[in-house]
Every structure is written in structure tokens, then in C-alpha cells.
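Observations on chain architecture
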Amino acid sequence: MRLDRFVSQAAGVSRSQARSLIQRGHVRVGGEPVRDVSRQIGSGERVEHLGGRLELPRQAYLMLNKPLGLLSATSDSRQATVLALLPEALSKRVHLVGRLDKETTGLLLLTDDGAWSHRVASPNHGCAKTYLAELAHPLAEDAESRLEQGLLLRSEKTLTRAATLQRIDETRVRITITEGRYHQVRRMFAALGNRVVGLHRESIGGLSLDPSLQPGEWRELSVAERDAALQE
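Summary of the structure given here.

1. Thoughts on the environment of Val197
- With respect to the secondary-structure elements, Val197 resides in strand 11 (residues 196-204).
- Val197 sits 11 residues away from Arg186 along the chain, and the two C-alpha atoms are 9.0 Å apart.
- For Val197, the residues in contact, after removing those within four places along its chain, are Glu134, Leu135 and Ala136.

And the structure:
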């Protein structure tokens with residue numbers, strides 16, 4: 001890890017503030033002042049600031065109940081993002097594990113563990129994602145078979161992977177997919193001649209959204225929950 005990134009995360013300051021501390025000689029590595037902000041810090045190297053040792057916070061694994069109307073993005077100059085729901089120091093560290101569009105609610109994962117994030121989000125790993133969808137019209141009778149066979153979405157060249165469907169009533173269904181194409185669930189129902197008017201993600205892998213979390217609330221994941229999110 002670069003020294004400026006290490007100092008930023010360990011001291012809870014911005015990257016520019018970290019660079020300033022380093023360039024002014026306030027940071028020591030192995031007891032010696034270092035002014036090279038790009039210096040790579042190896043595992044076990046001692047980094048100090050003003051005589052105190054700097055240590056990285058433990059990795060963060062979060063579940064958030066995404067509310068309606070917020071962007072799933074790290075930043076946006078015009079609209080509020082889900083990271084505004086987190087403490088500032090934490091929001092600077094984590095990234096989104098996949099995305100939900102502005103009008104979709106429910107389970108959103110955030111972390112600073114790139115390897116775990118990749119395993120959860122990569123289509124190659126095949127983590128199932130389940131959504132509760134409210135439709136504008138009753139669903140066609142052949143929807144299950146068409147979803148099982150795969151759909152050719154507009155502007156796409158390959159069929160979607162097989163998806164499973166559970167009917168709740170005429171216009172409410174639960175759908176499980178193993179991909180993450182752009183607006184995939186909405187586009188799949190459009191390909192079936194319908195329209196999604198409400199969409200809520202309930203689970204990823206074997207991890208379900210904590211029902212006690214109100215929209216906009218978040219909490220850390222347990223080790224068991226982190227493992228559950230990786231289940232296919």
C-alpha cells in the first residue's frame with residue numbers, strides 16, 4: 001500500500017492531508033522520516049506520526065438498507081449517494097459491492113476488502129441475488145419457462161442466464177438472478193412485456209437483509225454473514 005493511502009486510512013485524514021504530513025516530514029517509517037508519498041509500505045513495517053504508531057483499522061464489511069432516491073455511487077456532483085449515510089471517515093474507506101439503481105431499495109453491501117468484493121460481485125462466481133418486484137400488469141403465463149431459457153435483452157448479444165421466479169400474487173413476484181447486467185431485472189420484465197414499478201433486493205448469496213434495519217440504516221456483518229454472501 002502507498003504511504004499516503006496508509007496514512008490517510010490509519011490517521012482518518014484525507015489523502016491530501018496525508019500527503020502534506022508526509023512531505024513536511026511528520027511521518028516516519030522504520031524510525032526514519034520519509035517524504036515520498038508513493039513509498040510502498042510492506043506488511044509489518046512500523047509507521048509513526050508524531051511519535052505514535054499508525055495502524056490500519058480492521059477491514060469493514062457492511063450491510064445497508066438502501067432507501068429510495070439515493071445513488072449507488074462513491075460520489076456525484078449533483079445528487080446524494082448512499083455513502084452520505086455513513087460516518088465520513090468510514091465512507092472514505094469503503095466501496096460498493098455491486099450497485100442498485102436510484103429507484104431500487106434493499107440490501108447493499110460495502111467493504112474495503114477488494115478480494116471479497118470481487119468474489120461477491122463477479123458474474124463468474126455466480127452469487128444469487130433475489131429481488132421482490134412489483135409489476136405494472138399481471139405476469140404472462142409463460143414467464144417461468146422464458147426466464148429459465150434465458151432472455152435476449154435490448155442491445156445485448158447474449159441471453160441472460162437462467163433465472164427463477166416465484167409468484168406471490170398477480171403483480172408481485174420474487175426473482176433470483178446470478179448476473180448483474182445494467183438494470184437487469186427491470187429489462188428482463190420489459191422483455192416479458194411488463195414494467196417494474198417497485199424493486200427491492202432481499203438477499204445476496206445466502207445473506208438476507210436484516211429486517212430490523214430501517215431504510216438508510218446500516219450495520220457491520222458478522223464473519224458468518226460475510227461467508228454467507230459468497231454462497232452460490
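There is more to say after this.
2. Here we look at the side chain of Glu225
- Assignment of secondary structure puts Glu225 in helix 7 (residues 223-228).
- The buried category is assigned to Glu225, whose relative accessible area is 19%.
- A polar side-chain atom of Glu225 sits 2.9 Å from the main-chain amide nitrogen of Ser222.
- For Glu225, the contacting residues outside a window of four places in its chain are Met63, Leu207, Arg219 and Glu220.

3. Some points on the pairing of strand 11
- Examined bridge by bridge, strand 7 (residues 104-111) and strand 11 share 3 bridges and lie parallel to one another. Paired with Thr105 across the two strands is His200, which belongs to strand 11.
- The pairing of strand 11 with strand 12 (residues 207-208) spans 2 bridges and is antiparallel. Residue pairing in the sheet places Ser203 in a bridge with Ser208 of strand 12.
- The antiparallel pairing of strand 11 with strand 12 creates a hairpin that spans 2 residues between the two strands, and Gly205 there sits at a positive phi of about 60°.

4. Digging into the sheet that holds strand 3 (residues 47-49)
- A sheet is described by the order of its strands in space; here 4 strands give the open sequence 2-1-3-4, paired in antiparallel fashion. Unpaired on one side and paired on the other, strand 2 (32-33) and strand 4 (52-54) mark the two borders of the sheet.
- Where strand 1 (residues 27-29) lies against strand 2, 2 bridges are found, and the strand directions are antiparallel. Paired with Arg28 across the strands is Pro33, a residue of strand 2.

5. A short note on the packing of aromatic side chains
- For the structure shown, the criterion picks out 1 aromatic pair.
- When the ring centre of Tyr61 is taken as reference, the NZ or CZ atom of Arg226 above it lies at 4.1 Å.

6. Some thoughts on the pattern of salt bridges
- Tallied over the full model, the rule gives 17 salt bridges.
- Taking the shortest distance from any N to any O, the salt bridge between Glu144 and Arg167 comes out at 2.6 Å. Highlighted residues: Glu144 in helix 5 (residues 143-149) and Arg167 in strand 9 (residues 164-167), separated in sequence by 23 residues.
- Judged by relative accessible area, which is 29%, Glu144 ranks as partly exposed.
- Look at Arg167 and you get partly exposed, because its relative accessible area is 33%.
- The shortest N-O distance in the salt bridge between Glu202 and Arg174 comes to 2.6 Å.

Procedures and definitions
- Counting starts from 1 at the beginning of each chain's written sequence and moves along it residue by residue.
- For a predicted model such as this one, the threshold for reporting local features is a pLDDT of at least 70, and the threshold for listing and counting side-chain atom pairs is 80 or more; totals across whole chains, interfaces and linings nevertheless cover every residue.
- Excluding hydrogens and water, the side-chain values take into account all heavy atoms of the structure.
- Helix and strand assignments come from DSSP, with helices taken as H or I runs of at least 4 residues and strands as E runs of at least 2, each series counted from the N terminus.
- Contacts: residue pairs with any heavy atoms within 4.5 Å of one another.
- Throughout, exposure labels follow a simple rule: accessible area from a 1.4 Å probe, protein chains only, divided by the maximum for the residue type, with under 20% read as buried, over 50% as exposed, and the rest as partly exposed.
- A 3.5 Å cut-off defines polar contacts: any pair of N or O atoms within that distance qualifies, except that in protein one atom must be a possible hydrogen donor and the other a possible acceptor, and neighbouring residues in sequence count only when both atoms are side-chain atoms.
- By the convention used here, strands pair only if DSSP detects at least 2 bridges between them.
- A pair of aromatic rings is counted whenever rings of Phe, Tyr or Trp (Trp by its six-membered ring) have centres within 6.5 Å, and the orientation is called stacked for planes under 30 degrees apart, edge-to-face for over 60 and tilted otherwise.
- A ring is considered to have a charge above it if a Lys NZ or an Arg CZ atom is located within 6 Å of its centre and within 35 degrees of its normal.
- The term salt bridge refers to a side-chain nitrogen of Lys or Arg lying within 4 Å of a carboxyl oxygen of Asp or Glu.

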